[in-house]
Amino acid sequence: MDHADTRRSRLQPVILAGGSGTRLWPLSRELYPKQFLKLIGDRTMLQHTLARLDGLPHEAPVIVCNEEHRFVVAEQCRLEGIEPGAIVLEPARRSTAPAVALAALRGMRGGADPLLLVLAADAHVGNEDAFRASVRRAMPFADDGRLMVFGALPTYAEPGYGYIRRGQASADPCVAEVAAFTEKPSKTVAERYVAEGGYTWNCGMFLFRASTYLDEMQTFRPDILKACTEAVADETRDLGFVRPGKAFLDCPADSVDYAVMERTDKAMVVATDMGWADIGSWDALAAVAPRDDAGNVVRGDVIALDTHNSILLSSDRLVAALGLRDVVLVETPDAVLAADRSRAQDVKALVDAMEADSRTEHRLHTTAYRPWGHAETIKGGTGFLVKRITVSPGESLSLQLHRHRAEHWVVVRGQAEVTRGDEQFTLRPDESTYIPVGTRHRLGNPGPEPLVVIEVQVGETLSEDDIERFDDRYGRAKPDGRGGAE
């Protein structure tokens, strides 16, 4: 095949951003999982994925995510200077095969048949030039109706990854038929795969025509395709977000691998040295993150003496380590993880225990992201709650009231436009106001810089459910005015 053929096709990136990242607790939480964190460098995993598209011939990316993450996704796209083609909100988690089907069906509208480049939002790629070269190498095969999967050349025996056995090679020595998939083999089997050669790690990245994928779905999982087709036909738009119809709730859950790639006879693998890693655990992060002379991964306010091969992360306060070996020590404002590195894959068991105990630390961060900015919980106790509220330039909270709490606002930075009952006035740094119980109010930022306000809530009930909205530019006001986060 002539690689010049790639010029006749532009890519439609489909970025899957619906993961939970439970093994990276306490940094990763259900409402703010790992794809939105800065784990490597000064970009989040999602931002890295978006930036990785530079240099490829592509359309605006389509991002599929959970509804509760929609404003985080939109803000990170804005920070990256990218206007997405669509942000599709899954009403329920159904794994990757239905998510890709939604994007493929939407892409086929108007007689189009795009090349879908399916990427996970939480994958690490150390060599982005090699990534782009591999995509270009795969494009002519996908043009000819093959379903391409990207396989990273393994550098060690990792039992936590899936493996692909390469079959008959094509005219391109880096592209071969897929002979078999193996999901998370034992350590002994993984060592044999690496020693034998002919295997790659399954990167969970794909390239194929939308029509090719949908044809295979019709053959192997018509039930999924039917539900997704109905969901796309009934989709609605909300503030620029795309909401599939209710039929998606009845869609079975399955991965692209199980639903299609392991069944089709059209699968081919591109072997690549892109430096891929699935940062799904603390040990996996340590394999790709920079280390100090003692082999430690260190971030934040950390002092480490006689400590080796450890992961030491501080978010909010000093972490001091003395005489430690092979440990994970991660501090956040509301939780601390201390674990032996050999048990790094088992952190999910702690998350499961928290959920079983009806705790919230596995789900909530102390910082909550909203369409207008974010709110950080500083301190709470019986009858009071202190937050640091940051409102982005030109944004505002909803017009609302609370039945069970009063609020005190002190401006720290910027200019606040305040509505309190029938009054409207402006506050500047070191100025404050009081919002009595049952008073309609709104906080806005008319200025060019972020507005920072310290909010002290006082009352018997300090719940996000104690919000009645009367007007909201983000479409969150309900007919009865009730409920929801600020």
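As the structure is a prediction and not an experimental result, all values here were calculated from the model.

Rules and cut-offs
- Residues numbered from 1 in each chain as written.
- Predicted model: local features only at pLDDT ≥ 70, side-chain atom pairs only at ≥ 80, totals over all residues.
- Heavy atoms only, no water.
- Helix = DSSP H or I, 4+ residues; strand = E, 2+ residues; numbered from the N terminus.
- Rg over C-alpha atoms; globule rule 2.2 N^0.38 Å.
- Buried < 20%, exposed > 50% of the residue type's maximum accessible area, 1.4 Å probe, protein only.
- Contact = heavy atoms within 4.5 Å.
- Areas by Shrake-Rupley, 256 points an atom, 1.4 Å probe, with all protein chains shown as cover.
- Lys, Arg positive; Asp, Glu negative; His and termini not counted.
- Charge placed at Lys NZ, Arg CZ, Asp CG, Glu CD.
- Polar contact = N/O pair within 3.5 Å; in protein donor to acceptor, adjacent residues only side chain to side chain.
- Pairing = 2+ DSSP bridges.
- Axes fitted to C-alpha atoms, helices over the stretch in contact; angles between N-to-C directions.

A. View of the overall build of the chain. Helix and strand counts for the chain come out as ten helices and 30 strands. Over its C-alpha trace the chain gives a radius of gyration of 25 Å, about what one expects of a compact globule, namely 23 Å for 486 residues. For the chain, the spread of C-alpha atoms along the three principal axes comes to 75 × 65 × 40 Å. The 486 residues of the chain split such that 52% are buried. Across the chain, contacts joining residues at least 24 apart in sequence account for 69% of those joining residues at least 6 apart. About 21300 Å² of surface is accessible on the chain, with carbon and sulfur atoms providing 48% of the total. Taking the average location of the 57 positive side-chain charges in the chain and that of its 72 negative ones, the two points are 1 Å from each other.

B. View of the side chain of T433. For T433, the position within the fold is in strand β27 (residues 432-435). Residue class for T433 comes out buried when judged on its relative accessible area of 8%. Reaching out from T433, the side chain makes a polar contact with the side chain of R420 at a distance of 2.8 Å. Look past the residues within four positions of T433 in its chain and what remains in contact with it is E407, H408, W409, V418, R420, F425 and L427.

C. Structural view of the pairing of strand β28 (residues 441-444). Taking every second residue as pointing to the same face, both faces of β28 are buried, with H441 and L443 on one and R442 and G444 on the other. As paired strands, strand β25 (residues 416-420) and β28 are joined by four bridges and run antiparallel to one another. When the bridges of β28 are listed, R420 appears paired with H441.

D. Main features of the sheet that holds strand β19 (residues 335-340). If you walk across this open sheet you meet the four strands as β14-β16-β18-β19, and the pairing is mixed. Lying at the two open borders of the sheet, with one neighbouring strand each, are β14 (297-299) and β19. Strand-to-strand twist of the sheet, defined as the mean angle between neighbouring strand axes without regard to direction, takes the value 5°.

E. A look at the sheet that holds strand β24 (residues 405-413). Read across the sheet, six strands follow the order β20-β21-β22-β29-β24-β27 without closing on themselves; strand pairing throughout is antiparallel. Edge positions in the sheet fall to β20 (367-370) and β27, since each of these pairs with one other strand and no more. Between one strand axis and the next, the sheet turns through 20° on average, direction left out of account. Sheet analysis places β24 next to strand β29 (residues 451-459), joined by eight bridges and oriented antiparallel. Of the residues in β29, the one forming a bridge with H408 is V456.

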